[in-house]
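Architecture and fold: a report
Residues per chain, in single letters:
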Amino acid sequence: MSYSPERQHQPYRSEGQYQQQPYGNSYAQTYEPQQQYEPPYGPPQPRYDGFEPEDEPRRPRRGRRWLIAIVSVLALLGIAAGVMWHFEIPPFTDKGKDVSFGKPAGGKAAEAPKQNPNSKALMPTGPKAEFKNSMTLNDGTHVAVTTLDGKKSGFKGKVWVWAPKEYDDPKFAKSGFPVMIALPGGAGYPSNYWMGTDLGLQTSISKWYAEGKSKPFLLAMPVLNPSGDEKGIYWDGSDIPNQPKMGTWLTEDVPDLMKANFRTIKSRDGWAFMGSSTGGFASLKAVLKHPDKFKAAICSGPDVVPDSSLWKGFEKEKAENNPEVLAKALIDKKGPDVYLAFQVGDNESNKKTLPDVQKWIATYGKGPVHTSMRVIPGGQHNAKTYVPNMGEGPIQFISKVMEGPVE
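Below is a summary of the structure that appears in this document. Since this is a predicted model, take the numbers as computed values, not measurements.

About the cut-offs
Residues numbered from 1 in each chain as written. Predicted model: local features only at pLDDT ≥ 70, side-chain atom pairs only at ≥ 80, totals over all residues. Heavy atoms only, no water. Helix = DSSP H or I, 4+ residues; strand = E, 2+ residues; numbered from the N terminus. Pairing = 2+ DSSP bridges. Right-handed = clockwise from strand over helix to strand, strands pointing away. Axes fitted to C-alpha atoms, helices over the stretch in contact; angles between N-to-C directions. Contact = heavy atoms within 4.5 Å.

What follows deals with unusual backbone geometry. Here the bond from tyrosine 189 into proline 190 is cis, since omega is 5 degrees, no more than 30 degrees from zero. Mapped onto the fold, proline 190 is located in the loop between strand S5 (179-183) and helix H3 (201-210). Geometrically, the link from glycine 335 to proline 336 is a cis peptide bond, its omega value of 5 degrees lying close to zero. Turning to its location among the elements, proline 336 is positioned in the loop between helix H7 (323-333) and strand S10 (338-345). Phi is positive for serine 277, which is not a glycine, with a value near 60 degrees. When you line up the elements, serine 277 lands in the loop between strand S8 (271-276) and helix H5 (278-289). For lysine 334, which is not a glycine, the phi torsion comes out positive at approximately 65 degrees. Within the fold, lysine 334 resides in the loop between H7 and S10.

Once that is clear, we can look at the pairing of strand S11 (residues 369-376). Pairing of S10 with S11 involves 8 bridges; the strand directions are parallel. Within S11, the position partnered with leucine 340 by the bridge is threonine 371. Each parallel crossover has a hand, and for S10 linked through helix H8 (residues 353-364) to S11 it is right-handed.

Pairing is mixed in the open sheet, where 9 strands are placed in the order S2-S3-S4-S6-S5-S8-S9-S10-S11. Unpaired on one side and paired on the other, strand S2 (132-136) and S11 mark the two borders of the sheet. Pairs of neighbouring strands in the sheet enclose a mean axial angle of 20 degrees, with direction left out of account. Where strand S9 (residues 296-300) lies against S10, 5 bridges are found, and the strand directions are parallel. Paired with cysteine 299 across the strands is phenylalanine 342, a residue of S10. Packing of H8 onto the sheet brings it into contact with S10 and S11, and relative to S11 it is tilted by some 155 degrees. Contacts between helix H9 (residues 383-390) and the sheet are confined to S8, S9, S10 and S11, with S11 contributing the most and set at about 120 degrees to the helix.

Structural measurements only, silent on function.
Next comes the structure, spelled out in structure tokens:
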């Protein structure tokens, strides 16, 4: 994107030198014969424009030129600063700067209170990650990024994080906050599209919390896959044999990162997933596979069965990551309870998505598997459809059964 100012500054054009007429009292001292003038001309008249001749202000034109020059320079500097901010050119951006969460406005980063064994809140366990600012929102909160070397999965990738402004409120200094792990659709690599502010996930959570619809979730936004999907390959958010362990990455390494750096909640009542498309599938599967760790998920336009080509030859492992098999096992065990909020557009690109989700809910939405369903009129298969509709039911559905902030 190039920048081109709409208006060029026109140089000041002088209108000429001021011709000052001589004034004095010589007429009062000297008598001159009266001169005759022919109409329409008359004798020269003294110049009068509201000031007495002796009191007429004399402002040098040079001052006006200097004023115009200064204003012009300031205007050009303002334009330049705007361009540098837009293209994220230091020092007119804070992108890339260190971010420390849990820092009250105008104060230093607060030291985490000592862990109370009877508390529902879990204080940061460390070690502290190095977060760099990715963008700053209008309310002063930051989306920051770090590179996580997953100790349990062996996978190394980026994770974006965000904390609502309430996290830095001194009244919540000892409170643990609920965490939502947000997963994208598509390639989900090398970035996670929920980290961008264009979709409005962060601002929506703040808005919904203010409206009493949502918990003030911390967001963790990891890469979903270990590489792009140029060949149509993806990993189903699972530990597929002989492949990077993306299931462990999402359900163990990423939560460990949040526990190490944020005040979270000890129990599963403070942990949820959300995702769209393949991220919706991974969210659904993660909660059903690990109901002891996660309580709820919002699944938008999801697949309901694993379908990666990488499962070929590993049918047993594929079944262990199938939401249908996992839901049936949970029903048979009678718990623990999980809460799954589905939303699907009635104009999805894959016409099977809506009937497949409806059939899944009818079959497995019973016993400990609690479900809600929102059909989005005219909704298409994209995140811009899903975010605003989360506020029309799904976010309330899971927030009612989750905790936080808690001490």
